[in-house]
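# Report on the structure
In case you want the letters, here they are:
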Amino acid sequence: MEKEENEQGSVAESANAAENAESSLPWARFSSWLECVCVVTFDLELGQAIELVYPHDCMLFFHMTCEMCFPGCLGDTQFSFRLRQSVGRRGSWFGEEDAYSRDAPVTLQVKLAHFYGYVYFRQVKDASVKRGYFQKSLVLVSRLPYVHLFQSLLQIIAPEYFEKLEPCLEAVCNEIDQWQSPVPGLTLNLPVMGVVMQVRIPSKNDKPGGSPEKQNLLPAPMMLPTIHELDLFKCFQSFLIHLQMLWELMLLGEPVVVMAPSPTVSSETVLALVSSIAPLRYCCDYRPYFTIHDTEFKEYTTRTQAPPNVILGVTNPFFIKTFQSWPHIIRLGELKMSGDLPKQVKVKKLAKLKTLDTKPGIYTAHKMFLQKDKSLIKRLLKGIQRKRPSEVQSAILRRHLLELTQSFIIPLERYLASLMPLQRSVTPWKTPPQIRPFSQEEFMGTLEHAGPQLTSVLKGDWVGLYRKFFRSPNFDGWYRLRHREMTQKLECLHLEVVCDADLLGWTKDKSEVEIVDLVLKLREKLMKAGKQQLPVKEGVLEKLEGYLQTVISSLPEDLQTVLHRY
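Starting from 1, residues in each chain are numbered consecutively following that chain's sequence as written. This being a predicted model, a pLDDT of at least 70 is required before a residue's local features are given, and a value of 80 or more before pairs of side-chain atoms are given or counted; all residues contribute to the totals for chains, interfaces and linings. Processing note: side-chain calculations cover all non-hydrogen atoms of the structure and skip hydrogens and water entirely.

Per an unreviewed UniProt entry, the recorded name for the chain is UDENN domain-containing protein, and the organism is Oncorhynchus tshawytscha. Looking at the chain in UniProt, the text filed under Sequence similarities (unreviewed entry) is "Belongs to the DENND6 family." UniProt positions are given in the numbering used here, feature names are shortened, and annotations may be inferred rather than shown by experiment.

## Topic: the overall build of the chain
Runs of H or I in DSSP of at least four residues are treated as helices and runs of E of at least two as strands, each being numbered from the N terminus. For the chain, the count of helices and strands is 20 helices and 16 strands. Any residue under 20% of the maximum accessible area for its type is buried, any over 50% is exposed, and the rest in between are partly exposed; the area is computed with a 1.4 Å probe on protein chains only. For the chain, the proportion of its 566 residues judged to be buried stands at 50%. Nonlocal contacts in the chain, meaning residues at least 24 apart in sequence, comprise 73% of its contacts between residues at least 6 apart. A total accessible area of about 28,600 Å² is found for the chain, and carbon and sulfur atoms account for 53% of it. By the convention used here, residues are in contact when the closest approach between their heavy atoms is within 4.5 Å. Exposure was quantified through the Shrake-Rupley algorithm and a 1.4 Å probe, taking into account, for residues, occlusion by the shown protein chains and nothing else.

## Examining the sheet that holds strand 9 (residues 256-259)
Strand order in the open sheet made by the six strands is 10-11-9-12-16-15, with mixed pairing throughout. If you trace the sheet from one side to the other, it starts and ends with strand 10 (285-287) and strand 15 (347-348), each paired once. A pair of strands counts as paired when DSSP detects no fewer than two bridges linking them. For strand 15 and strand 16 (residues 361-364), the ladder comprises two bridges, and the chain directions are parallel. The partner of Lys 348 across the bridge, within strand 16, is Tyr 363. Only C-alpha atoms enter the line fits that serve as axes; for helices the fit covers just the stretch in contact. Angles between N-to-C directions range over 0 to 180 degrees. Contacts from helix 8 (residues 243-251) reach strand 9, strand 11 (310-314), strand 12 (328-331), strand 15 and strand 16, with the element oriented near 45° to strand 16. Packed onto the sheet, helix 9 (residues 263-275) meets strand 9, strand 10, strand 11 and strand 12 and runs at close to 160° relative to strand 11.

## Notes on the nonpolar core
The nonpolar side chains of a soluble globular protein tend to be buried with one another. If you look at the biggest cluster of nonpolar residues, it comprises 111 residues, and the most contacted ones within it are Trp 33, Phe 236 and Phe 438. Per element, the largest residue contribution to this core is 10 residues, and it comes from helix 5 (residues 147-164). Setting aside anything within four residues of it in sequence, one finds Phe 236 in contact with Leu 243, Ala 272, Leu 273, Leu 397 and Leu 401. Residues Leu 495, Leu 503, Val 519 and Leu 563 belong to the second largest nonpolar core, which totals 23 residues. The nonpolar core is taken to be a set of buried Ala, Val, Leu, Ile, Met, Phe, Trp, Tyr and Cys residues, with the residues joined through side-chain atoms within 4.5 Å.

## Observations regarding the confidence of the model for the chain
Within a predicted model, pLDDT stands for the predictor's per-residue confidence, ranging from 0 to 100. Residues at a pLDDT of 70 or more form 87% of the chain, whose mean pLDDT is 85. Scored below 50 in pLDDT, residues 1-5 makes one contact in the model with residues more than four places away or belonging to other chains.

## Observations regarding the environment of His 148
Checked against the element boundaries, His 148 lands in helix 5. Distance in space between the C-alpha atoms of His 148 and Asp 231 is 9.6 Å, their sequence separation being 83 residues.

## Describing the sheet that holds strand 8 (residues 222-223)
In spatial order, the strands read 6-7-8; together these three strands make up an open sheet with mixed pairing. Since the sheet does not close on itself, it has two edges, and those belong to strand 6 (187-192) and strand 8, each with one partner. Of the strand pairs in this sheet, strand 7 (residues 195-200) and strand 8 are connected by two bridges, and their pairing is parallel. Residue pairing in the sheet places Met 197 in a bridge with Met 222 of strand 8. Its contacts with the sheet place helix 5 against strand 6, strand 7 and strand 8, and it is angled at close to 180° to strand 7.

## Here's the deal with the packing of helix 13 (residues 390-418) against helix 15 (residues 462-469)
Axis separation between helix 13 and helix 15 bottoms out at 12 Å; the angle between their running directions is 75°. One finds that helix 13 runs roughly perpendicular with respect to helix 15. Contacts between helix 13 and helix 15 involve Leu 404, Ser 407, Phe 408, Pro 411 and Leu 412 from the first element and Trp 462, Leu 465, Tyr 466 and Phe 469 from the second. Lys, Arg, Asp and Glu make up the charged group, whereas Ala, Val, Leu, Ile, Met, Phe, Trp, Tyr, Cys and Pro make up the nonpolar group; the residues left over, Gly among them, are polar. For the contact of helix 13 with helix 15, a count of residues per class yields eight nonpolar, one polar and no charged. Should an angle lie under 35 degrees it is considered roughly parallel, over 145 roughly antiparallel, and from 65 to 115 roughly perpendicular; all remaining angles are considered oblique.

## Digging into helix 19 (residues 540-553)
Since the α-helix advances by 3.6 residues per turn, residues separated by three or four positions end up pointing in the same direction. Between its terminal C-alpha atoms helix 19 stretches 20 Å, which fits the 20 Å expected from 14 residues at 1.5 Å a residue. Looking at helix 19, one finds that the buried residues are Val 540, Leu 544, Leu 548, Val 551 and Ile 552. Buried positions in helix 19, seen along its axis, are confined to an arc of 105° and lie on one side of it. Working rule for helices: expected span equals 1.5 Å times residues minus one. An arc is given here, and it is the one of the directions from the helix axis to the C-beta atoms.

## Considering the pattern of salt bridges
Close approach of charged atoms allows side chains of opposite charge to pair. Every case where a carboxyl oxygen of Asp or Glu lies within 4 Å of a side-chain nitrogen of Lys or Arg is listed as a salt bridge. Within the structure shown, the criterion is met by 24 salt bridges. Shared partners join several salt bridges into a network, and the residues in it are Arg 82, Arg 84, Asp 285, Arg 287, Asp 294, Glu 296 and Glu 299.

## Brief notes about the pairing of strand 5 (residues 133-142)
Of all 10 residues in strand 5, nine are buried, a share of seventy percent or more. As judged from the 10 bridges shared by strand 4 (residues 114-125) and strand 5, these two strands associate in the antiparallel manner. From the neighbouring strand, Val 124 faces strand 5, where its bridge partner is Phe 134.

## Let's talk about the packing of aromatic side chains
Geometry of aromatic contacts follows a simple scheme: Phe, Tyr and Trp rings, the Trp one being its six-membered ring, pair when their centres are within 6.5 Å, and the pair is stacked under 30 degrees between planes, edge-to-face over 60, tilted otherwise. Within the structure shown, the criterion is met by 31 aromatic pairs. Ring centres of Phe 290 and Phe 297 lie 6.3 Å apart, and the angle between their planes is 25°; on these two criteria the pair is classed as stacked. Residues Phe 290 and Phe 297 agree in their burial class; the two are buried. Members of the aromatic cluster, each reached through a chain of ring pairs, are Trp 247, Phe 408, Tyr 415, Phe 438, Phe 443, Tyr 466, Phe 469, Phe 470, Phe 475, Trp 478 and Tyr 479.

## Thoughts on a positive patch on the surface
Each patch is built from residues lacking any salt bridge and having more than 30% relative accessible area; the joining distance is 9 Å for like charges and 5 Å for nonpolar side chains (Val, Leu, Ile, Met, Phe, Trp, Tyr). Counted as positive: Lys and Arg. Counted as negative: Asp and Glu. His and the chain ends are not counted at all. Charge coordinates come from a single atom per side chain, which is NZ of Lys, CZ of Arg, CG of Asp or CD of Glu. Together, Lys 336, Lys 343, Lys 346, Lys 349, Lys 352, Lys 354 and Lys 359 give the surface a local cluster of positive charge. Within the secondary structure layout, Lys 349 lies in the loop between strand 15 and strand 16.

## Thoughts on unusual backbone geometry
In this structure, the amide linkage connecting Tyr 54 to the following residue, Pro 55, adopts the cis form with an omega of -10°. Looking at where Pro 55 falls in the secondary structure, it is placed in the loop between strand 2 (47-54) and helix 3 (63-68). Note the cis peptide between Ala 278 and Pro 279, where omega equals 10°. Mapped onto the elements, Pro 279 comes out in the loop between helix 9 and strand 10. One non-glycine residue, Met 193, lies in positive phi territory at about 50°. For Met 193, the position within the fold is in the loop between strand 6 and strand 7. In this structure Met 193 comes out as partly exposed when scored by relative accessible area, which is 27%. Phi angles above zero are rare outside glycine, and Lys 387 is one such case at about 55°. Here Lys 387 is to be found in the loop between helix 12 (374-385) and helix 13.

## Re the state of the cysteines
The criterion for a disulfide is a pair of cysteine sulfur atoms lying within 2.5 Å. In total, this model carries zero disulfides according to the counting rule given. In this structure Cys 283 is not part of a disulfide, and its nearest cysteine sulfur, from Cys 284, lies 7.0 Å away. By relative accessible area, which is 22% here, Cys 283 ends up partly exposed.

Spelled out as structure tokens, the structure:
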């Protein structure tokens, strides 16, 4: 109960801090959701060109972004892309230590190196235009991976914008500038164009796979059950029987190319694959929609070195030749049915990869470490025959993938906890003890009695899977994050122990040099705790600051003057 009250208090504090920070800055609330909104059009002389950007002073886009927003499909098309930030550019709202990322799940934390683009493209016949077609894209650019929220937002504003143009878009941006900033744990009502979307911002304190506690807000006309999750079943329905293999490829950060029939299928499949190892963060690069205009095209397609750890979603069939040397290629076609069931693609040898006429399939030489979960496949296929709703099938899939990832991660977490120094070894007058180094062999020795078999029925070479995982960017990213969290926990414990110590009593038989050294070290610790927003117990920092002033006041006046200036 006390923990829940503390969490609610923390959410309220974060919300107040966000409100205060944004009150004095122009476009601050808008910038907490979006970097910019822009319109890309087709110009007969220039080709693709940016027609409009809000805010007007946003200098974000380059030529290649325009190209990525024009997939050339007839009708209305929605898709997503991801861009690396240009060197030297800084974000307007998010910082390295911002409160949002501190409280958000690791899979939804902001990565300052990348932007997401959410696109609504329309191409329809129009006799009044020279080439006979109306072609425009409305693009939302954000650092937030809220694919479901922003695609839902585009479905509201894009059709209206294409009818009424600029005045409508300016009004929408002004409405977004009134939205409350995204604070993990809060449920928000977001009004736009006469519609109120109700969303909940996920928090790192949410139980994975559980239903978060609802806040007492009146129901809104449009309630989004999620801001970031995709329809997993729809994305995976043509390769359900190979789900285990794809999960392993994602876990190991293997280079993968997804060749899809459209930007929609490409971007949704890549994002679904990345999310399949949640709550573990996918630490490699991924491009939901990748084209020859991407700034990393040469870097990612060079044949002079091994393919990079990245997932690329493409639609251009000429890419088949470019990516022939890649170890894993998922070739998707239009969904075909075999009776009541979606036709499943087959795993094929890479040697069978041909140019242009390549048939759908998973082209790979990957040998699976774990056996397939046949009961899951039967359950999903039976659900199709019984016409079980797609959202229910997705929930079954998501629960299975979550439990599989947790079974893999729990032994690692358990071993990592054993590397933490004992609480009694943290003393006020010494530097906090070090976390023991991670030993792969020592960890392997724990698997016989405390391995994944405790929580998973899947048989296979778990040891081999761990060994390969240790060589992947996903292990490196997980370990760095957890080591940082453990180091911060040690810092917090040390601050709390110092707070409970008799500082004034300690100074009585100490020289002025030793006392000044203590003051300077404590000041440095307090500044670091404030900057990193360490999760210290309430009142500890204020209490220590008080003790510090008392210790300083016990020194001669000349030293007091120097320390107050410092």
